[in-house]
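# Remarks on the overall topology
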Amino acid sequence: MAVELIQLESYLEGFTEFAKETAAETPSWLRELRETAFVRFCAVGFPTSRDEDWRFTNVAPFTRTQFAPARSSSQEISVSDLDMWRMEDAAARLVFVNGNFAPKLSTWNALPEGITATGLRKQIALHPQSVAKHLGRYLNIERDPFCALNTAFAEDGAYVHVRRGVVAQRPIHLLFIATTAETPTMTHPRNLIVVEEEGQVSITEDYVSLGKETPTLSNAATELIVRGNATVEHILIEREHFKTYNLSTLRIEQARSANVASHSFLLGGALVRNNVHPVLAGEGGECLISGLFIGSARQHLDNYMLVEHASPHCASRQFYNGILDDRAHGVFHGRIVVHKDAQKTDAKQTNRNLLLNDNAQIDTKPQLEIYADDVRCTHGATIGQIEESALFYLRSRGIDELQARNLLLQAFAGECVDRIKPGAAHSYAEAAVTQRLALLARPMSVETANPGEDQERSWREIG
Amino acid sequence: MDLLEIRNLHAEVGGNEILKGIDLTVHPGEVHSIMGPNGSGKSTLAQVLARRESYQVTAGEILFDGKDLLSMKPEEAACEGMFMAFQYPIEIPGIGNAHFLRSALNAMRKYRGLDELDAIDFLPLFREKLKLLDMDERFMNRSLNEGFSGGEKKRNEILQMAILEPKLAILDETDSGLDIDALRIVAQGVNAMRSPNRAMIVVTHYQRLLNYIIPDFVHVLVDGRIVRSGGAELALELEEKGYGWIETEARQTAPASA
Ligand SMILES: Nc1ncnc2c1ncn2[C@@H]1O[C@H](COP(=O)(O)OP(=O)(O)OP(=O)(O)O)[C@@H](O)[C@H]1O
Ligand SMILES: [Mg+2]
């Protein structure tokens, strides 16, 4: 408690400073939004493991750390530093350095007429109304203190708007670079994506680090508003360095017959929490929530889904695959809420896990809350090791153990990658996953893999 | 030189001794058939030869092309030219058949110091072998054995053999569960692979396959021992009289400890 007070004090200091610095450019609606959020954050503080939503994730390691707001330093970065994060054939690549839009590092190759892709701060300066009518309307600062904290410090991030009926043939790539300093720094990127009726777009949020491995805190939030009959593919790739704390929330608001696919790839970071929170607010909406998490060493990767069915005839599908090695800890918490009027809801949830080490751990928790009577909800979770018989089959054909293991992991991970539509974003995510899997590849003798026996200890399903 | 020399092989699975002293010599160009009742240890012998680690060799030695087979890992044995067609090929979703086969072939080429083949170089070879086994080109991109019928899986094993061109191929009941047309195609594929430099061990339950693949030698395996060896005519005798008489005979001559 004492620790927490000190922390809150330092956040208060940070907030006061931030408010002062940004006073001139901040319209009153935004100031009010931030202040309300900050008050909320101070009132609740950081979550503890007594909080049901945070039962498996201990945030103490970073709530105890003093993070200073990161200073933008895009001047020190050149385009060539970013070569390894280039999505071939993207319509645009917007670069953000410590949350701040860096137009000089960004490129717009083939953005069709009718699509705006820019920095949030810039958009607020030019067209405040376009932002004011959405920002903060959907993100729930009441239930998640990190969303409150993000809103309190909301300043910049991506703004994407797709005009009615406009179809983007090529994906938009949003690259978020956390640069490291001598001391721990934090950023709160805030993104707003609005796709109007019958629009169509694919957007990749890509979180990476540049510089040496000092701790950083990235606390991002995205509001994705999808109007009637629009189609959106959203991809999140978290692959910051292994000392990073990364929190992210994707809040999706889906109107009638909107179709959204969210794909998360948690590959990097020390402690990562990814919230995906779609609200199917209009009839006939469809939402696919697919995710892959790959952890090793002591990585902690927490996937929290809250799928709200608020209208009839909507379908949601959750498919998450986890690969955990060493002492990595994965969490899959899939909550589905079917509201009273959401008849004919069809909700499905599957979580499959591969544990490569006896010390790796997965907590998987389905949570169904159903207030309508005519619905179909199913859930299932599995855990396993790499199958000896599959490994032997490949090896008996001359493929060495390392490569055989890698092929099997690729296949398991490929299920998630292949839910992305074929194209530039698919190839890009696939490459990121392949790169991550290569780090896992090392031999393990078959004798150490004990099929079946150890499951109780390393796996709990709490229903 | 002998291609395969097995001396006094004893092996156990899960603590039970299954192979109780096998001696077998195979020369290049020969086809040997191993027959025997259910559970006699035929697959165990095949798995030991393919170097499956869960099958533990407790005594004896095996020379493969002059080298100590028992010190090899499965992938090393394969690269040295050992191939086993599985009695029950497993399904591996997510790994494409063509990708898998090219990876396997390239692993072997690398082992032998040859250049790896890219997808374009590999394609004609793959197509040619598909034709040999009367397989559809759709097999190329399907996941490894996933959703294949029993017959398709067996054909896929022979396809792998045709592409990998081993020195010694062990076919573990490749004929089981095949209808007569599929059996002919498989036998044709196998016969096309016969060569003075290659030997085969054909494990089977039934004499039927041996109408199509004529063996030079037939061995009868009962309770972990080869109890009788002979020429192709031994298979016909077994077909006629069943295994009963040979099992009785074996029981009478087996050491009391068994
Ligand atoms: N993985 C295993 N674990 C335990 N016992 C095994 C295992 N594999 C085989 N066995 C046992 O070893 C013995 C020999 O089995 P094997 O599969 O070698 O026989 P087989 O001659 O191939 O029989 P079939 O004609 O049915 O294929 C059997 O008693 C079988 O139950
Ligand atoms: Mg058998």
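First things first, this report covers the structure right here in the doc. (Residues numbered from 1 in each chain as written. Chains lettered and ligands numbered in written order. Predicted model: local features only at pLDDT ≥ 70, side-chain atom pairs only at ≥ 80, totals over all residues. Heavy atoms only, no water.)

## A word on the overall build of chain A
Helix and strand content of chain A: 10 helices and 23 strands. Overall size of chain A, expressed as C-alpha extent along the three principal axes, is 70 × 55 × 50 Å. Looking at chain A as a whole, 60% of its 463 residues are labelled buried. The contacts of chain A with a sequence gap of at least 6 include a subset with a gap of at least 24, amounting to 85%. As presented, chain A carries roughly 18100 Å² of accessible surface, and 49% of it is formed by carbon and sulfur atoms. Taking the average place of the 46 positive charges on the side chains of chain A and the average place of its 58 negative ones, the gap between the two points comes to 2 Å. (Helix = DSSP H or I, 4+ residues; strand = E, 2+ residues; numbered from the N terminus. Buried < 20%, exposed > 50% of the residue type's maximum accessible area, 1.4 Å probe, protein only. Contact = heavy atoms within 4.5 Å. Areas by Shrake-Rupley, 256 points an atom, 1.4 Å probe, with all protein chains shown as cover. Lys, Arg positive; Asp, Glu negative; His and termini not counted. Charge placed at Lys NZ, Arg CZ, Asp CG, Glu CD.)

## So, the interface of chain A and chain B
At the junction of the two partners, chain A supplies 19 residues and chain B supplies 33 residues. Between chain A and chain B lies a buried interface of about 2000 Å² when both sides are counted; carbon and sulfur atoms form 64% of it. When the area that chain A buries against chain B is broken down by residue, the three leading residues are Phe392(A), Tyr393(A) and Arg397(A), summing to 41%. At the boundary of chain A and chain B, one finds four salt bridges. When the shortest N-O distance is used, the salt bridge between Glu157(B) and Arg397(A) registers 2.7 Å. At the surface where chain A touches chain B, the tally comes to nine residue pairs in polar contact (both at pLDDT 80 or more). Among the elements of the structure, helix 7 (388-395) and helix 8 (401-417) of chain A are those that each provide at least two residues to the side of chain A that touches chain B. (Buried area = accessible area lost by both parts, 1.4 Å probe. Salt bridge = Lys/Arg side-chain N within 4 Å of Asp/Glu carboxyl O. Polar contact = N/O pair within 3.5 Å; in protein donor to acceptor, adjacent residues only side chain to side chain.)

## Describing the coordination of the magnesium ion (ligand 2)
Reference values for coordination geometry: four tetrahedral donors around a metal ideally subtend 109.5 degrees, six octahedral donors ideally subtend 90 or 180 degrees. Residues and elements named next belong to chain B. Around the magnesium ion (ligand 2), the protein contributes the donor atoms Ser43 (OG) and Gln87 (OE1), at 2.0 to 2.2 Å from the metal centre. One end of the pair, serine 43, is in helix 1 (residues 42-49); the other, glutamine 87, is in the loop between strand 6 (82-85) and strand 7 (92-96), and 44 residues separate them in sequence. Exposure remark for glutamine 87: the relative accessible area of 15% places this residue in the buried category. (Donors = N, O, S within 2.8 Å, 3.2 Å for Na, K, Ca; no water.)

## Re the side chain of Asp175(B)
On the secondary structure map, Asp175(B) appears in the loop between strand 9 (168-172) and helix 6 (180-193). Contact partners of Asp175(B), with chain neighbours within four places excluded, come to Leu183(B), Val203(B), Thr204(B), Tyr206(B), Arg208(B) and Leu209(B).

## Section: the packing of helix 4 (residues 119-132) of chain B against helix 5 (residues 150-164) of chain B
Residue and element names in this part refer to chain B. Running from N to C, helix 4 and helix 5 point in directions that differ by 135 degrees, and their axes come no closer than 10 Å. When the axis of helix 4 is compared with that of helix 5, the two are oblique. Note that helix 4 runs across helix 5; the crossing there is right-handed. Contacts from Phe122, Leu125, Phe126, Lys129, Leu130 and Leu132 in helix 4 reach Leu159, Ala162 and Ile163 in helix 5. (Axes fitted to C-alpha atoms, helices over the stretch in contact; angles between N-to-C directions. Parallel < 35°, antiparallel > 145°, perpendicular 65-115°, else oblique. Left-handed = near helix turned anticlockwise from the far one by under 90°.)

## Structural notes on the packing of aromatic side chains
Taken as a whole, this structure holds 22 aromatic pairs over all chains when the rule is applied. Ring geometry for Phe176(A) versus Tyr207(A): centroids 4.6 Å apart, planes at 10 degrees, classification stacked. Highlighted residues: Phe176(A) in strand 7 (residues 172-179) and Tyr207(A) in strand 10 (residues 200-210), separated in sequence by 31 residues. Across the pair, Tyr207(A) and Phe176(A) agree in class, each one buried. Relative to Phe148(B), the ring of Phe139(B) has its centre 5.0 Å away and its plane inclined at 85 degrees; by these criteria the two rings are edge-to-face. An identical accessibility class is assigned to Phe139(B) and Phe148(B); each is buried. Ring pairs connect the aromatic residues Tyr11(A), Phe15(A), Phe18(A), Phe38(A), Phe41(A), Phe46(A), Trp54(A), Phe62(A), Phe67(A), Phe146(A), Phe153(A) and Tyr245(A), which therefore count as one cluster. Taking the ring centre of Phe139(B) as reference, the NZ or CZ of Arg142(B) above it sits at 5.4 Å. (Phe/Tyr/Trp six-rings, centres within 6.5 Å; stacked < 30°, edge-to-face > 60°. Lys NZ or Arg CZ within 6 Å of the ring centre and 35° of its normal.)

## Quick word on the pairing of strand 1 (residues 4-13) of chain B
Where a strand is regular, its side chains alternate between the two sheet faces. Residue and element names in this part refer to chain B. Sheet topology places strand 1 next to strand 4 (residues 55-64); eight bridges connect them, and they run antiparallel. Its bridge partner lying in strand 4, glutamate 5 is registered against leucine 63. Pairing geometry for strand 1 and strand 2 (residues 16-26), over eight bridges, is antiparallel. Bridge pairing links alanine 11 to leucine 19 in strand 2. (Pairing = 2+ DSSP bridges.)

## Some words on the site of ligand 1
Residue and element names in this part refer to chain B. Gly39, Gly41, Lys42, Ser43 and Thr44 are the nearest of the 14 residues found near ligand 1. Protein burial of ligand 1: of its 640 Å² of free accessible surface, 61% is covered by the chains. With three residues, the single largest contributor to the shell around ligand 1 is helix 1. Its residues placed into classes, the shell around ligand 1 shows four nonpolar, eight polar and two charged. (Near = heavy atom within 4 Å. Nonpolar A, V, L, I, M, F, W, Y, C, P; charged D, E, K, R; others polar.)

## Some thoughts on the nonpolar core
With 121 residues, the main nonpolar core has Phe265(A), Leu49(B) and Ile201(B) as its most contacted residues. Counting residues per element, this core draws most heavily on helix 8 of chain A, at nine residues. Once you skip the residues sitting within four places of it in the chain, Ile201(B) turns out to touch Leu4(B), Leu24(B), Val26(B), His32(B), Ile34(B), Leu49(B), Leu168(B), Ala169(B), Ile170(B) and Leu171(B). Residues Val201(A), Ile289(A), Phe293(A) and Val338(A) belong to the second largest nonpolar core, which totals 53 residues. (Core = buried A, V, L, I, M, F, W, Y, C linked by side-chain atoms within 4.5 Å.)

## Some thoughts on the sheet that holds strand 6 of chain B
Residue and element names in this part refer to chain B. Read from one edge to the other, the open sheet built from six strands follows the order 6-9-10-3-11-12, with strand pairing classed as mixed. The open sheet has two edge strands with one neighbour each: strand 6 and strand 12 (225-230). The average angle at which neighbouring strand axes cross in this sheet is 20 degrees, direction not considered. Relative to strand 10 (residues 199-204), strand 9 runs parallel, the two sharing five bridges. Counted as the bridge partner of leucine 171 is valine 202 from strand 10. Packed on one face of the sheet, helix 1 meets strand 3 (31-35), strand 6, strand 9, strand 10 and strand 11 (217-222) and runs near 145 degrees to strand 9. Strand contacts of helix 8 (residues 244-253): strand 11 and strand 12, with the helix running at about 125 degrees to strand 12, the strand carrying the most contacts.

## Things to note about helix 6 of chain B
Residues and elements named next belong to chain B. Given a rise of 1.5 Å per residue, 14 residues ought to cover 20 Å, and the 20 Å separating the end C-alpha atoms of helix 6 matches this to within 8%. Of all the positions in helix 6, only Ala182, Leu183, Ile185, Val186, Ala187, Gly189, Val190 and Met193 are classed as buried. In the core, the buried residues of helix 6 are packed alongside helix 4, helix 5, strand 9 and strand 10. The distance from a side-chain oxygen at the start of helix 6 to the backbone nitrogen of aspartate 181 is 3.1 Å, and the residue carrying that oxygen is aspartate 179. (Expected span 1.5 Å × (residues − 1).)

## A closer look at the sheet that holds strand 4 of chain B
All names here are of chain B. Ordered by their spatial adjacency, four strands build an open sheet running 2-1-4-5, and the pairing between neighbours is antiparallel. Lying at the two open borders of the sheet, with one neighbouring strand each, are strand 2 and strand 5 (67-68). The strands touched by helix 1 are strand 1, strand 2 and strand 4; relative to strand 1, the strand with the most contacts, the crossing angle is about 110 degrees.

Function cannot be read off these values alone, since they describe shape.
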